[in-house]
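An overview of the molecular structure
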Amino acid sequence: GSWFIAFLVNKFGEETLRVDYYKDLDSLGFEGSFKKHFKKSSKELVDEFDIFIASGKDKSLEIIP
């Protein structure tokens, strides 16, 4: 979970996750707000994340500030 959050923040910015996504969560629901702010379904981004993680530890560590 934490690595996926770091992945989202790295890709879309902290404000998108911390403010924008949560602001629309009640009105759009989980998937609706997710698609609006992260431009893909949760499944698509989890699949992309899985590929990212499989690319190796060194690359994965690059997203940690």
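The structure under discussion appears in the preceding block.
Presented here is a report on the structure given in the accompanying data block.

Focus on the environment of L8
Here L8 lies in helix 1 (residues 2-12). Given a relative accessible area of 2%, L8 falls into the buried group. Once residues within four sequence positions are removed from consideration, L8 is found in contact with G13, L17, F34, F38 and L45.

Notes on the side chain of S42
Position of S42 among the secondary structure elements: in helix 3 (residues 42-54). A polar atom in the side chain of S42 sits 2.7 Å from the side chain of E31.

With respect to the nonpolar core
Formed by F4, A6, F7, L8, L17, Y21, F34, F38, L45, F49, F52 and I63, the largest nonpolar core amounts to twelve residues. At the level of elements, helix 1, helix 2 (14-38) and helix 3 are the ones that each hand at least two residues to this core. Those residues in contact with Y21 that sit more than four places away from it in its chain are T16, F30, S33, F34, H37 and F38.

Rules behind the numbers
Residues numbered from 1 in each chain as written. Predicted model: local features only at pLDDT ≥ 70, side-chain atom pairs only at ≥ 80, totals over all residues. Heavy atoms only, no water. Helix = DSSP H or I, 4+ residues; strand = E, 2+ residues; numbered from the N terminus. Buried < 20%, exposed > 50% of the residue type's maximum accessible area, 1.4 Å probe, protein only. Contact = heavy atoms within 4.5 Å. Polar contact = N/O pair within 3.5 Å; in protein donor to acceptor, adjacent residues only side chain to side chain. Core = buried A, V, L, I, M, F, W, Y, C linked by side-chain atoms within 4.5 Å.

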